[in-house]
Amino acid sequence: MVSFPMEFKCVFLGISLIMVGLVSSSRFEELYQPSWATDHLTNEGEILRMKLDNLSGAGFSSKNKYMFGKVTVQIKLVEGDSAGTVTAFYMSSEGPTHNEFDFEFLGNTTGEPYSVQTNVYVNGVGNREQRLNLWFDPSKEFHSYSILWNQRRVVFLVDDTPIRVHSNLEHKGIPFPKDQAMGVYSSIWNADDWATQGGRVKTDWSHAPFIASYRGFEIDGCECPATVAAAENSKRCSSSAVKRYWWDEPVMSELSLHQSHQLIWVRANHMVYDYCTDTARFPVAPVECQHHQHKFHN
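The structure displayed is predicted, hence computed values, not measured ones.

Novice: Mind laying out the overall build of the protein, listing which residues take part and the relevant values?
Specialist: Of the regular secondary structure elements, the protein holds four helices and 17 strands. Counting only residues that meet the buried cut, the protein has 53% of its 298 residues in that class. Contacts spanning at least 24 positions in sequence make up 66% of the contacts within the protein whose residues lie at least 6 apart. On the protein, roughly 13700 Å² of surface is accessible, and the fraction owed to carbon and sulfur atoms is 52%.

Novice: Pulling in residues and values, what's your account of unusual backbone geometry?
Specialist: Omega for the bond connecting A208 with P209 falls within 30 degrees of zero, at 0°, which places this linkage in the cis form. As for its position among the elements, P209 is in the loop between β15 (183–190) and β16 (210–224). The phi dihedral of A37 falls on the positive side, at around 50°, and the residue is not glycine. Among the structural elements, A37 can be located in the loop between β3 (32–36) and β4 (41–44). A positive phi is found at D160, a non-glycine position, where the angle reads about 65°. Following the sequence through the fold, D160 ends up in the loop between β13 (153–158) and β14 (161–167).

Novice: An account of the pattern of salt bridges is requested, with residue identities and associated values reported.
Specialist: Once their charged atoms are close, side chains differing in charge can pair, the charge on each being opposite to the other. Enumeration over the complete set of coordinates arrives at nine salt bridges. The partner of K70 in a salt bridge is D160, and the shortest N-O contact between them spans 3.4 Å. Residue K70 is found in strand β7 (residues 65–76), and its partner D160 is found in the loop between β13 and β14; the two are separated by 90 residues along the sequence. For D160, a relative accessible area of 45% translates into the label partly exposed. The residue R267 makes a salt bridge to D274 at a minimum N-O spacing of 3.5 Å. Owing to a relative accessible area of 11%, R267 belongs among the buried residues under this scheme. Using a relative accessible area of 5% as the deciding quantity, one classes D274 as buried.

Novice: So what's going on with the environment of S186? Residues and values would help.
Specialist: Its location among the elements puts S186 in strand β15. On the accessibility criterion, S186 (1% relative accessible area) is buried. Each C-alpha atom, one on S186 and one on P34, is 9.6 Å from the other, the two residues being 152 residues apart in sequence. Beyond its immediate sequence surroundings of up to four residues, S186 is in contact with M50, A58, G59, F60, A88, F89, Y90 and Y214. Within polar-contact distance, the side chain of S186 engages the side chain of Y214 at 2.7 Å.

Novice: Tell me what's going on with the sheet that holds strand β10 (residues 115–121), and back it up with residues and numbers.
Specialist: The antiparallel open sheet is built from eight strands, whose spatial order is β3-β6-β15-β8-β9-β10-β11-β17. The open sheet has two edge strands, β3 and β17 (271–274), and neither has a second partner. Looking at each pair of strands side by side, their axes are set apart by 15° on average, direction ignored. Two strands pair when backbone bridges link them, and strand β9 (residues 100–106) and β10 are joined in this way by seven bridges, in the antiparallel orientation. Each residue of the ladder has a partner; that of E104, found in β10, is Q117.

Novice: I'd like to hear about the side chain of N99, residue by residue, with values.
Specialist: Structurally, the position occupied by N99 is in the loop between β8 (85–92) and β9. Since its relative accessible area comes to 0%, N99 is described here as buried. Of the polar contacts made by the side chain of N99, one reaches the backbone nitrogen of N123; its length is 2.8 Å. Excluding residues that lie within four positions of it along the chain, N99 makes contacts with M91, S92, S93, Y121, V122, N123, P177, K178, D179, Q180 and M182.

Here is what the cut-offs are and how they apply
- Residues numbered from 1 in each chain as written.
- Predicted model: local features only at pLDDT ≥ 70, side-chain atom pairs only at ≥ 80, totals over all residues.
- Heavy atoms only, no water.
- Helix = DSSP H or I, 4+ residues; strand = E, 2+ residues; numbered from the N terminus.
- Buried < 20%, exposed > 50% of the residue type's maximum accessible area, 1.4 Å probe, protein only.
- Contact = heavy atoms within 4.5 Å.
- Areas by Shrake-Rupley, 256 points an atom, 1.4 Å probe, with all protein chains shown as cover.
- Salt bridge = Lys/Arg side-chain N within 4 Å of Asp/Glu carboxyl O.
- Polar contact = N/O pair within 3.5 Å; in protein donor to acceptor, adjacent residues only side chain to side chain.
- Pairing = 2+ DSSP bridges.
- Axes fitted to C-alpha atoms, helices over the stretch in contact; angles between N-to-C directions.

As structure tokens, then:
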């Protein structure tokens, strides 16, 4: 675990950067705490395990909230028959007009691919689901899942491969989540009313407990004290003439050419649902989708 003071100045390629908040890369208890069903969490040093049985699931949350930066965790998902279970890793603010960025890993019957659903809530409104089948078995080894967040975009990454980009389109009148500090959360629970094949396949409790394992806890972002007003946090966590944050550097404002190719590959080969193309739900495509479809030639 590497920890920096609140304002640690470093020089990188001649640019003075300020790294704010906590940077950590292994231990759960430095950054997180159990949030419910504490008897269903086991902390084994560098590895945390959460279980779901017919009594309860479990969850944990970050001790602090953040505005911009990158959060990462390595997860080994439920092995074997995981149908009906959902393991989530997400960021969220509080209140009825909250913002939220979701990874939801949807279990399946043995041998069927695990799928991951992402969603973005802005000012309390979600309905932006995308779902893809992962190109590996996430129950066999640990894989990293990250959310990168700055004023220009939100990027979901799997093993540093971008699988989704939610861009700031405020110039088109679309709200963007940039003014609410977020906590980081994870949970495992039973969702067999919808998680697997639309709820047709139920949880088989004879295979319980269902266990998700975690390690490699990293948060590199602007920590927002609860005592500081939201507007002040937003200002404090944004670059200005006197301070520069790594997440506001030009290189972080768009994908590299390699990353763009990775995203196109993911969408072409592994995406199984995109709200932007669901004409039954959205006879008129949402405005951000029109931008999206033009970009990817869908």
